[in-house]
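Reading the structure
One letter stands for each residue in the lines below.
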Amino acid sequence: MMTCLQKSVPIPNYQYLLYDISRYTDDEIKGDAQLRILLSIFRDIFTKNSAGIQEDIFRAASSLQELEDKETGMGYFETFIRYVFNAGPQLTKNDINNIIHKLETTYPGGSDTIMSLADILREEGKNEGLIQGLKQGLEQGLEQGLEQGLEKGMEVGAKNTALEVARKAVHEGVELPLIAKLTGLTKKEVEKLAKEMNN
């Protein structure tokens, strides 16, 4: 009878293939429209300025015209634009208007997608700004509260220490005005403490 330990099982020997797509030109990137667009934007997203990214957007719109299923093309284009708007260089309002204008002639449904995405992303940006402002306000409030709490705690601690010293001094028979002077307590506080200790 053979046990699992006695069986000889081959261990797969996988190798990683790493392609540096930054070395490839647009003409050298082959494949279907989606693959070409994906590889091009991965290559360019962090290296090109807004003008270069706009060219990638126009090239993507042109490539998606090759697809027979226009609905799939629009979905893919929307995902592409979301990625560009979130990961790429900051596009100005002028850049977006330029993209919309050019897409109206190149990719008829694309300009509507850009418009709706721009509105969504602007709203998300406003919400993110609001959340960021609230976080900063909360952090400042907590910081101030903590500072004030520490100050108050130190005051209470100092007061308790002074009261403890005053109790010991009263117990030892030290004169009340001298206790007030040494502890920083008022004369009334020291008299009240002495009265409580005598009862």
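Procedures and definitions
- Residues numbered from 1 in each chain as written.
- Predicted model: local features only at pLDDT ≥ 70, side-chain atom pairs only at ≥ 80, totals over all residues.
- Heavy atoms only, no water.
- Helix = DSSP H or I, 4+ residues; strand = E, 2+ residues; numbered from the N terminus.
- Polar contact = N/O pair within 3.5 Å; in protein donor to acceptor, adjacent residues only side chain to side chain.
- Contact = heavy atoms within 4.5 Å.
- Phe/Tyr/Trp six-rings, centres within 6.5 Å; stacked < 30°, edge-to-face > 60°.
- Buried < 20%, exposed > 50% of the residue type's maximum accessible area, 1.4 Å probe, protein only.
- Axes fitted to C-alpha atoms, helices over the stretch in contact; angles between N-to-C directions.
- Parallel < 35°, antiparallel > 145°, perpendicular 65-115°, else oblique.
- Nonpolar A, V, L, I, M, F, W, Y, C, P; charged D, E, K, R; others polar.
- Expected span 1.5 Å × (residues − 1).
- Arc of directions from axis to C-beta.

1. A word on the side chain of Arg-36
For Arg-36, the position within the fold is in helix H1 (residues 33–44). Within the structure, Arg-36 has its side chain in polar contact with the backbone oxygen of Gly-31 (distance 2.6 Å). Not counting the four nearest positions on each side in its chain, Arg-36 is found in contact with Ile-29, Lys-30, Gly-31, Ser-63 and Glu-66.

2. Re the packing of aromatic side chains
Enumeration over the complete set of coordinates arrives at one aromatic pair. Ring centres of Phe-42 and Tyr-83 lie 5.9 Å apart, and the angle between their planes is 75°; this geometry places the pair in the edge-to-face category. Residue Phe-42 is located in helix H1, and its partner Tyr-83 is located in helix H3 (residues 70–87); the two are separated by 41 residues in the primary sequence. Residue classification places Phe-42 among the partly exposed residues on the basis of a relative accessible area of 43%.

3. Quick word on the packing of H1 against helix H2 (residues 50–64)
Two elements in contact, H1 and H2, have axes whose closest approach is 9 Å; the angle formed by their N-to-C orientations is 175°. Accordingly, the angle class assigned to the pair H1 and H2 is roughly antiparallel. Between H1 and H2, the residues in contact are Ala-33, Arg-36, Ile-37, Ser-40, Ile-41, Arg-43 and Asp-44 and Ile-53, Asp-56, Arg-59, Ala-60, Ser-63 and Leu-64, respectively. For the contact of H1 with H2, the class distribution of residues is six nonpolar, two polar and five charged.

4. Digging into helix H7 (residues 187–198)
Working note: α-helix, 3.6 residues per turn, so residues spaced by three or four point in the same direction. Under the 1.5 Å per step criterion, the end-to-end length of H7 is 17 Å for 12 residues, consistent within 8% with the ideal 16 Å. Of all the residues in H7, the buried ones are Val-190, Leu-193 and Ala-194. The arc that holds every buried residue of H7, seen down its axis, measures 100°, which confines them to one face. The exposed set on the far side of H7, more than 90 degrees from its buried face, consists of Lys-188, Lys-192 and Lys-195.

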